[in-house]
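Report on the structure
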Amino acid sequence: MFSIILIASLILTIVTIVMFLASILSKKALIDREKSSPFECGFDPKSSSRLPFSLRFFLITIIFLIFDVEIALILPMIIILKFSNIFIWTFTSIIFILILLIGLYHEWNQGMLNWSN
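Residues numbered from 1 in each chain as written. Predicted model: local features only at pLDDT ≥ 70, side-chain atom pairs only at ≥ 80, totals over all residues. Heavy atoms only, no water.

As recorded in an unreviewed UniProt entry, the protein goes by the name NADH-ubiquinone oxidoreductase chain 3, listed as coming from Drosophila pseudoobscura pseudoobscura. The record in UniProt for the protein states the following under Sequence similarities (unreviewed entry): "Belongs to the complex I subunit 3 family." (UniProt positions renumbered as here; feature names shortened; annotations may be inferred.)

Within the protein, the regular secondary structure consists of 4 helices and 0 strands. Ordered by position from the N terminus, the helices and strands of the protein form the series α-α-α-α. Taken over 117 residues, the protein has a buried fraction of 8%. Here the protein has roughly 11,100 Å² of accessible surface; of this, 75% comes from carbon and sulfur atoms. (Helix = DSSP H or I, 4+ residues; strand = E, 2+ residues; numbered from the N terminus. Buried < 20%, exposed > 50% of the residue type's maximum accessible area, 1.4 Å probe, protein only. Areas by Shrake-Rupley, 256 points an atom, 1.4 Å probe, with all protein chains shown as cover.)

To continue, consider the environment of methionine 77. By the element assignment, methionine 77 lies in helix 3 (residues 55-79). Assessed through its relative accessible area of 14%, methionine 77 is described here as buried. Filtering out sequence-adjacent residues up to four positions away, methionine 77 remains in contact with Trp89, Thr92 and Ser93. (Contact = heavy atoms within 4.5 Å.)

Our focus in this paragraph is the confidence of the model for the protein. Of the residues in the protein, 78% reach a pLDDT of 70 or more, and the chain-wide mean stands at 80. Considering each helix and strand of the protein separately, the mean pLDDT is smallest for helix 2 (residues 33-36), with a value of 66, and largest for helix 1 (residues 2-25), with 91. (pLDDT = per-residue confidence, 0-100.)

This brings us to the packing of helix 3 against helix 4 (residues 86-109). In the contact formed by helix 3 and helix 4, the axes pass within 12 Å of each other and the chain directions differ by 170°. By the angle between their axes, helix 3 is roughly antiparallel relative to helix 4. Every residue of helix 4 that contacts helix 3 at Ile63, Ile66, Phe67, Glu70, Leu73, Ile74, Met77 and Ile78 is listed here: Trp89, Thr92, Ser93, Phe96, Ile97, Leu100, Leu104 and Glu107. Here the residues of the contact of helix 3 with helix 4 are counted per class, giving 12 nonpolar, 2 polar and 2 charged. (Axes fitted to C-alpha atoms, helices over the stretch in contact; angles between N-to-C directions. Parallel < 35°, antiparallel > 145°, perpendicular 65-115°, else oblique. Nonpolar A, V, L, I, M, F, W, Y, C, P; charged D, E, K, R; others polar.)

Spanning 25 residues, helix 3 covers 37 Å between terminal C-alpha atoms, matching the ideal 36 Å at 1.5 Å per step. Taken together, the buried positions of helix 3 are occupied by Arg56, Ile63, Glu70, Ile74 and Met77. Buried residues along helix 3 sit in contact with helix 4. (Expected span 1.5 Å × (residues − 1).)

As recorded in UniProt, the feature "transmembrane region" (unreviewed entry) lies at residues 6-25, 57-80 and 86-105. Here residues 6-25 runs as 100% helix and 0% strand, with 29 Å between its end C-alpha atoms. Across residues 57-80, helical content stands at 96% and strand content at 0%; the span's end C-alpha atoms are separated by 36 Å.

Moving on, we come to the side chain of glutamate 70. Of note, glutamate 70 is situated in helix 3. When residues no more than four places from it in sequence are discounted, the contact partners of glutamate 70 are Phe96 and Leu100.

Put into structure tokens, the structure is as follows:
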């Protein structure tokens, strides 16, 4: 038993030393101005490389993700229908879909689903 603990602590010590040395040796010592600048065929950029992003695209993406997760959560509920209590299953399904419909109504009421403004 003592030999297993000794071998485990020796391996842990060696792994810690190797990770510490790898961390020290992998750091860059010199930050060069040319290497930190954006690459555009060797020329200095004429304007900002960041383009303005429409918030509408982001909101539509978030709404899509919410309903995508909804599908991923509803599909297993259909599979467990025959293994669970029908009353509890129906109650859980209705509550889940009701919460999603309230969220959809809120998005619609706030005007997030209207594309043209």
